[in-house]
Amino acid sequence: MNYFKVLGLVFGLAAALKPIYMHLLPWDEHAFIAKAYARSRPAWIVPVALFGLGLVALTWYMHFTAGIAYSLILTVVFSLTALKGIMLLFDYERFHALVAGMLAKDRGRSVVLVDIGAGVVGIAIVLLALLVY
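Residues numbered from 1 in each chain as written. Predicted model: local features only at pLDDT ≥ 70, side-chain atom pairs only at ≥ 80, totals over all residues. Heavy atoms only, no water.

Caption draft 1: Seen up close, the overall build of the protein chain. When helices and strands are counted, the protein chain shows eight helices and zero strands. The linear arrangement of helices and strands in the protein chain, starting from the amino end, is α-α-α-α-α-α-α-α. The 133 residues of the protein chain split such that 35% are buried. Total accessible area on the protein chain is roughly 8200 Å²; 74% of this is exposed by carbon and sulfur atoms. The average position of the 10 basic charges and that of the 6 acidic charges among the side chains of the protein chain differ by 4 Å. (Helix = DSSP H or I, 4+ residues; strand = E, 2+ residues; numbered from the N terminus. Buried < 20%, exposed > 50% of the residue type's maximum accessible area, 1.4 Å probe, protein only. Areas by Shrake-Rupley, 256 points an atom, 1.4 Å probe, with all protein chains shown as cover. Lys, Arg positive; Asp, Glu negative; His and termini not counted. Charge placed at Lys NZ, Arg CZ, Asp CG, Glu CD.)

Printed below as a string of structure tokens:
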């Protein structure tokens, strides 16, 4: 199994299942999100963001060296996660304000909408991984 198939399945399933594990399971996801992205940057964020950025860099390396057809599609889509990693590393205060605002407005409805969007994109990535790679 090639790198892009594995990446597509893992990344796609995590995104596709996000609405389920964040909103359908009986737990307080808003309290979890508020605690995970506390006002002062938690210690876990820097190593996780650096790991994610490293994975994006590895994906670009694999795109240029593996010779897998259509790898650019998943490489570009996966690279969008780097935006969140960069924001977490270099402008955490604004990211926290964005998350806090989303949680406060309409009882967190925008968080649910973002997660539904992530789920739809995740399903598309899983299909891409299964049908193309």
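Caption draft 2: Broad picture of a nonpolar patch on the surface. Together, Leu 13, Leu 17, Ile 20, Tyr 21, Leu 24, Leu 25, Trp 27 and Phe 32 line one region of the surface with nonpolar side chains, adding up to about 770 Å² of accessible area. Of the residues forming the nonpolar patch, the biggest block, three residues, is contributed by helix H2 (residues 18-24). Of note, Trp 27 is situated in the loop between H2 and helix H3 (29-36). (Patch = residues over 30% accessible without salt bridge, like charges linked within 9 Å, V, L, I, M, F, W, Y side chains within 5 Å. Salt bridge = Lys/Arg side-chain N within 4 Å of Asp/Glu carboxyl O.)

Caption draft 3: Fine view of the nonpolar core. Among the nonpolar cores identified, the biggest contains 12 residues, and these are Met 22, Ile 33, Ala 36, Tyr 37, Ile 45, Leu 88, Tyr 92, Phe 95, Val 99, Met 102, Leu 103 and Val 111. Of the residues forming this core, the biggest block, five residues, is contributed by helix H7 (residues 92-104). The contacts of Phe 95, once residues within four sequence positions are left out, are Tyr 37, Lys 84, Met 87 and Leu 88. If you look at the next biggest cluster of nonpolar residues, it comprises nine residues, including Val 56, Phe 78, Leu 128 and Tyr 133. (Core = buried A, V, L, I, M, F, W, Y, C linked by side-chain atoms within 4.5 Å. Contact = heavy atoms within 4.5 Å.)

Caption draft 4: Summary view of unusual backbone geometry. The phi dihedral of Tyr 70 is positive, around 65 degrees, even though this residue is not glycine. Here Tyr 70 is to be found in the loop between helix H4 (45-66) and helix H5 (71-79).

Caption draft 5: The arrangement of the side chain of Asp 115 in detail. Structurally, Asp 115 is set in helix H8 (residues 109-131). The class for Asp 115 is buried, based on a relative accessible area of 3%. Sequence-distant contacts of Asp 115, that is, excluding residues within four places in its chain, are made with Lys 18, Pro 19, Met 22 and His 23.

Caption draft 6: Layout of the packing of aromatic side chains. In this structure the tally under the stated criterion is eight aromatic pairs. Seen from their ring centres, Phe 4 and Tyr 133 are 6.0 Å apart, and the 35 degrees between their planes marks the pair as tilted. On the criterion of sequence distance, the pair formed by Phe 4 in helix H1 (residues 3-16) and Tyr 133 in the segment after H8 is long-range, its members being 129 residues apart. Measuring from centroid to centroid gives 6.1 Å for Tyr 37 and Trp 44, while their planes differ by 45 degrees, and the two rings are tilted. Take Trp 44: its relative accessible area is 38%, and that puts it in the partly exposed class. Aromatic rings pair up to connect Tyr 37, Trp 44, Tyr 92 and Phe 95 into one cluster. (Phe/Tyr/Trp six-rings, centres within 6.5 Å; stacked < 30°, edge-to-face > 60°.)

Caption draft 7: Layout of the pattern of salt bridges. Taken as a whole and assessed by the stated rule, the structure comprises two salt bridges. Among the salt bridges present, the one from Arg 94 reaches Asp 91, with a minimum N-O distance of 2.8 Å. Residue Arg 94 is classed as exposed on the basis of its relative accessible area of 56%.

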